[in-house]
Each structure stands twice: as C-alpha cells, then as structure tokens.
Amino acid sequence: MGDDLRAIDSLLAAYSGTTKPGASVVVIRDDEVVARRAYGMADLERHVPAAPETDYRLASVSKQFTAMCILLLAQDGKLQLDQPVRRILPRLPRAAAAVTIRHLLNHTSGLIDYEDLIPATRTAQLDDNDVLALLAAKDSLYFPAGSAYRYSNSGYVLLGIIVARVSGMSFPAFVHARIFAPLGMTASVAHIEGSDTIPHRAYGYSPRGGGWEQTDQSVTSATLGDGGIYTNVDDLVHWDRALSDTTLVSADWMAHATTPPVLPRGAPTEYGFGWFIDHYRGETRWRHTGETSGFRNAIQRFPARHVTVIVLTNRSSGEPGAIAERIADLYLFR
C-alpha cells in the first residue's frame, strides 16, 4: 500500500507545491477507497490548498450524469430513447427531423458543433437556450443521423434541455433530486453562477509566462448538459458505487449506456451514453476525460476488476488521462 501511494505521489509531482494549481485523486477497489490524495492549490489568489473535498468543474466528465438523467426518465416511462428529438424541441431545424435521443447520447446525431456557430464578436457566456437558438438557425447536419460518429457537445446541451422539458424541473434541480441527493453527493452541483454555492471551489488556471493565470471561465463555461457539473473525488466514490449496482437504474438500462452502437456497414464505435467503452491491456474499460477553461479531468473504470481511478485537476495543461492509466497499472497489472 505504501509503495502504491508513493508511486501516485511521484506521478502527481508536477501538481505539488504552494505555487501551482493542483489535483485530487481517488482509487476505488471493490467499492473501498484504497488511495485518496490531493496536491497543489485549489485557489492560488487566496492560498487555498487542494484537498479531497475540493470541488472541480468536471467539464465533459459531466456527460455521464446527463446521460443518467435521460436513463432515469426513460425508466420512468417519460421518454423513449428512439423518439425524435424534435417532438420535444420543435425549434430544431428540419434537417434534424431524424435525430433521436439515442443519437444525441452516443454522438451519432450529426448536429453541428455549437462552438463553431458562436459569433467571433461574442463575449457574453452562452447558456443552454443560446445553444438551442444557434442550432435552430443552422438547417444542416454534418451527416445523416445514425450514419457516423462525431463527438458532440451540442447533443449533450440538448439532452440537458430535454431533461428539463420532460421532467418539468430545471436540469440542476433534476440531477440533484434524482442523483446527487439519493447518493449522498452533498458537494455536487450543476452550477449556474449566482444561483448556487460550490462549497470548496477550485479555480481554473493556465500556464502563462512561466507562471499561472486564472482562466476559470470562458464564453462556453455556462452550459450545463455538456460539462457544467462541479464535484469532488469523495462524492465520485458514491457515484462509482451506484454504477456498480442498481441504485439508480436497472441493469438492463445500464447495458444500454455501456453498449456502443454499430454503424452502417458494421463500423464499430466506442461511445455508449456518457462513456467511452474500450479495452486496455485486455480489460474492459469505461473512461472519459474532461477539458474546459482551466480544468482537465479523467475517470477510468474497470468494471470486471472492480477498480476505478479518478484524477481531477484545475489547470488547462497536463495529461490526467495518462496519469489515471499509470495509476490503474499499479492496481491491476503488477
């Protein structure tokens, strides 16, 4: 155990110190925490060190929560995975008529990336409705729905809106009521600036001129379904345990989430609902990374071996995915 912790400390050495943005790490094996570490600083301006309790913006690691919200509504009978999205969001253009909720979940919708539609002159942050308006004004797709794979933040913003429309609750309220509260994730929030509190907030930074500049927000930092959740490694332990049982949805629904589609002509894909599903050194792996202004994160689950590694960081540099992989090597392949 001591050797493993020293090895993790070595892998995170670049995140250590009182003058660097930091990282929080947890390793879970057989539903028990076997490593829980933190490095560097959560807030350089206020000299707040990072801790396991530090709350980081998950960026695209948020997508697994958005997908779970959709699965909960499907299990409730409130929507169907293969229903056309325009039945819920009629503002979408005619080109999107064949796009289904399933296409949004596994990135086969062909919807235009909203980041490419933002006017160069815009400085105000976009919210989810702004994204919907941008997509509504663009009556074309990259490819016919279901015919190809292309990772899409647009799709997951729309899924967040769908959760709100179908449930009658805001997305933050729904994810709190149906996921965070039942699992005891007391530090987790789908964040809207000015309307909630992040208990132990990490601020994001980028390297500049040999030092660090706070780059916590950008024009795309206010959208929700594609990347707006803040949480800490302790809360993610509760989440990981729920993924291993049927606390939230049945095993059949989880099978939907972890079965990537096969495209026309038999082309395989690696994305389920909020997870990349692949193999690493012969082991089935669920993984995701998240990158946004000032944050980079990674989660890797090895369900057959009951091992999960999570690395959250508040800097726009570094490779937490590679670090998580090296940590997994320590616990799986020695």
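Before reading further, recall that the structure is shown in the block above.
One structure accompanies this document, and this report is about it. Just so you know, these numbers come straight off a predicted model, no measurement behind them. (Residues numbered from 1 in each chain as written. Predicted model: local features only at pLDDT ≥ 70, side-chain atom pairs only at ≥ 80, totals over all residues. Heavy atoms only, no water.)

## Describing the sheet that holds strand 6 (residues 189-190)
Backbone-to-backbone hydrogen bonds join strands into a sheet, with any given pair of strands oriented parallel or antiparallel.
Reasoning step 1: Pairing is antiparallel in the open sheet, where three strands are placed in the order 5-9-6. The open sheet terminates on both sides in strands that have one partner only, identified here as strand 5 (56-57) and strand 6.
Reasoning step 2: Judged from the two bridges that link them, strand 5 and strand 9 (residues 229-231) form a sheet pairing that is antiparallel. Paired with Tyr-56 across the two strands is Thr-231, which belongs to strand 9. (Pairing = 2+ DSSP bridges. Helix = DSSP H or I, 4+ residues; strand = E, 2+ residues; numbered from the N terminus.)

## Some points on a negative patch on the surface
Reasoning step 1: Negative charge collects at one region of the surface, where Asp-30, Asp-31, Glu-32 and Asp-245 lie side by side.
Reasoning step 2: Summarising the element assignment, Glu-32 is placed in strand 2 (residues 32-39). (Patch = residues over 30% accessible without salt bridge, like charges linked within 9 Å, V, L, I, M, F, W, Y side chains within 5 Å. Areas by Shrake-Rupley, 256 points an atom, 1.4 Å probe, with all protein chains shown as cover. Salt bridge = Lys/Arg side-chain N within 4 Å of Asp/Glu carboxyl O. Lys, Arg positive; Asp, Glu negative; His and termini not counted. Charge placed at Lys NZ, Arg CZ, Asp CG, Glu CD.)

## Considering the packing of helix 1 (residues 2-11) against helix 9 (residues 320-332)
Two measures define how a pair of helices packs: the angle their axes make with one another and the distance between the axes.
Reasoning step 1: The geometry of helix 1 relative to helix 9 is characterised by a closest axis approach of 10 Å and an angle of 165 degrees between their N-to-C directions. Here helix 1 lies roughly antiparallel to helix 9, going by the angle between them. In this structure, the crossing between helix 1 and helix 9 has a hand that is right-handed. Facing Asp-4, Ala-7, Ile-8 and Leu-11 of helix 1, the residues of helix 9 in contact are Ile-323, Arg-326, Ile-327, Leu-330 and Tyr-331.
Reasoning step 2: Partitioning the contact of helix 1 with helix 9 into residue classes produces seven nonpolar, no polar and two charged. (Axes fitted to C-alpha atoms, helices over the stretch in contact; angles between N-to-C directions. Parallel < 35°, antiparallel > 145°, perpendicular 65-115°, else oblique. Left-handed = near helix turned anticlockwise from the far one by under 90°. Contact = heavy atoms within 4.5 Å. Nonpolar A, V, L, I, M, F, W, Y, C, P; charged D, E, K, R; others polar.)

## As for the pattern of salt bridges
Reasoning step 1: Enumeration according to the criterion identifies 23 salt bridges in this entry.
Reasoning step 2: Measuring nitrogen to oxygen at the nearest pair gives 3.0 Å for the salt bridge that ties Asp-216 to Arg-201. With Asp-216 in the loop between strand 8 (211-214) and strand 9 and Arg-201 in the loop between strand 6 and strand 7 (205-208), the pair connects residues that are 15 residues apart, well separated along the chain.
Reasoning step 3: Classification of Asp-216 by relative accessible area gives buried; the value is 5%.
Reasoning step 4: According to the relative accessible area criterion, Arg-201 is buried, its value standing at 14%.
Reasoning step 5: In this structure, Arg-301 engages Asp-240 in a salt bridge whose closest nitrogen and oxygen atoms are separated by 2.6 Å. Taken together, the residues Arg-301 in strand 12 (residues 295-302) and Asp-240 in helix 7 (residues 233-243) connect sequence positions 61 residues apart. Neither residue differs from the other here; Arg-301 and Asp-240 are each classed as buried.
Reasoning step 6: Salt bridges here are not isolated pairs; linked through shared partners, they connect Glu-270, Asp-278, Arg-281, Arg-285, Arg-287, Glu-325, Arg-326 and Asp-329. (Buried < 20%, exposed > 50% of the residue type's maximum accessible area, 1.4 Å probe, protein only.)

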